[in-house]
Amino acid sequence: MIRVCKSGGTVMVVDVALPEDKLEAYDTMEKLRDPSHVGALSLSKFDELFQTNKLVNYRKTSYEMAIELENQLNASFPDPAARGKLKSMIVGDAGINSLGVNVTLADEKYQLYYPVQVCVGQKK
């Protein structure tokens, strides 16, 4: 992105970002949900990438993207055997948050809250 960005242009990345201690569990879950998933980045890795690539006026914010479990499962493409395993993994994390998606249960529905990081910097 930096290579093709013109001088004074803006680079923005919006993606899930997690604390280091949640990356492994999140990646395990996400690979079940989406076999093409390679790996999520940590919050500190986003900072490092923007700062070491000399982007100026670096700023960031974050938000949670909510999705109901059944909607997430329907939007996923695990093989049939993985769907049950994925659902069990997510349901089992309610109130624990080892996966980093803060699973909650309300009105008999599970809700996932994906932590999304928005990072913006300008090329000199």
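Details of the structure are given in the entry above.
Predicted model only: the values in this text are computed from it and were never measured.

Caption draft 1: Expanded view of the side chain of Arg 33. Following the sequence through the fold, Arg 33 ends up in helix H1 (residues 23-33). Aside from chain neighbours lying at most four places away, what touches Arg 33 is Gln 72, Ala 75, Ser 76, Phe 77, Pro 78, Leu 86 and Tyr 114.

Caption draft 2: Summary view of the pattern of salt bridges. Inspection of every chain in the model, using the stated rule, returns five salt bridges. The partner of Glu 48 in a salt bridge is Lys 45, with the nearest N and O atoms 3.2 Å apart. Residue Glu 48 and its partner Lys 45 are both found in helix H2 (residues 43-52); the two are separated by three residues, about one turn of the helix. Each member of the salt-bridge network shares a partner with another, and the members are Glu 70, Arg 83 and Lys 87.

Caption draft 3: Structural context of the packing of H1 against helix H4 (residues 80-91). Look at H1 against H4: their axes get within 9 Å of each other, and the N-to-C directions meet at 145 degrees. Here the hand of the crossing between H1 and H4 comes out left-handed. Where H1 abuts H4, its residues Thr 28, Met 29, Leu 32 and Arg 33 lie against Ala 82, Lys 85, Leu 86, Met 89 and Ile 90. Residues belonging to the contact of H1 with H4 are distributed by class as follows: six nonpolar, one polar and two charged.

Caption draft 4: Local environment of the nonpolar core. Core analysis: the biggest nonpolar cluster contains 18 residues, and Tyr 26, Met 29, Ile 90, Val 101, Leu 112 and Tyr 114 have the highest contact counts within it. Within the residue set of this core, elements represented by two or more residues are strand E1 (10-18), H1, helix H3 (69-75), H4 and strand E5 (109-123). The element best represented in this core is H1, accounting for four residues. Once residues lying within four places of it in the same chain are set aside, the contact partners of Ile 90 are Met 29, Leu 69, Leu 99, Val 103 and Leu 112. Counting seven residues, the second largest nonpolar core, distinct from the first, contains Cys 5, Ala 17, Phe 50 and Leu 55.

Caption draft 5: Broad picture of H4. End to end, H4 covers 17 Å across twelve residues, agreeing with the expected 16 Å (1.5 Å per residue, within 8%). Among all positions in H4, only Ala 82, Leu 86 and Ile 90 are buried. One side of H4 carries all its buried residues, which in axial view fall inside an arc of 65 degrees. Facing away from the buried surface of H4 by more than 90 degrees, the exposed residues are Pro 80, Ala 81, Lys 85 and Ser 88. Residues of H4 that are buried sit in contact with H1, H3 and E5.

Rules and cut-offs
Along each chain, the written sequence defines residue order, and numbers are assigned to residues from 1. A pLDDT threshold of at least 70 governs which residues receive local features in this predicted model, and a stricter bar of 80 or more applies before side-chain atom pairs are shown or counted, although totals over entire chains, interfaces and linings include all residues. Excluding hydrogens and water, the side-chain values take into account all heavy atoms of the structure. Segments assigned H or I by DSSP are reported as helices when at least four residues long, segments assigned E as strands when at least two residues long, and all are numbered from the N terminus. Contact between two residues is taken to exist if any of their heavy atoms lie within 4.5 Å; hydrogens are not considered. Salt bridge, as applied in this entry: a Lys or Arg side-chain nitrogen positioned within 4 Å of an Asp or Glu carboxyl oxygen. Between N-to-C directions, angles cover 0 to 180 degrees, with each direction set by a line fitted to C-alpha atoms, over the stretch in contact for helices. Left-handed describes a crossing whose near helix is turned anticlockwise from the far helix by less than a right angle; the clockwise case is right-handed. The nonpolar class holds Ala, Val, Leu, Ile, Met, Phe, Trp, Tyr, Cys and Pro. Asp, Glu, Lys and Arg form the charged class, and all remaining residues, Gly among them, are polar. Residue types Ala, Val, Leu, Ile, Met, Phe, Trp, Tyr and Cys, when buried and joined through side-chain atoms within 4.5 Å, form a set referred to as a nonpolar core. Buried residues are those whose accessible area, probed at 1.4 Å on protein chains only, stays under 20% of the maximum for their type, while exposed residues exceed 50% and partly exposed ones sit between those limits. Take the number of residues in a helix, subtract one, and multiply by 1.5 Å to get its expected span. Here the arc refers to the set of directions running from the helix axis out to each C-beta atom.

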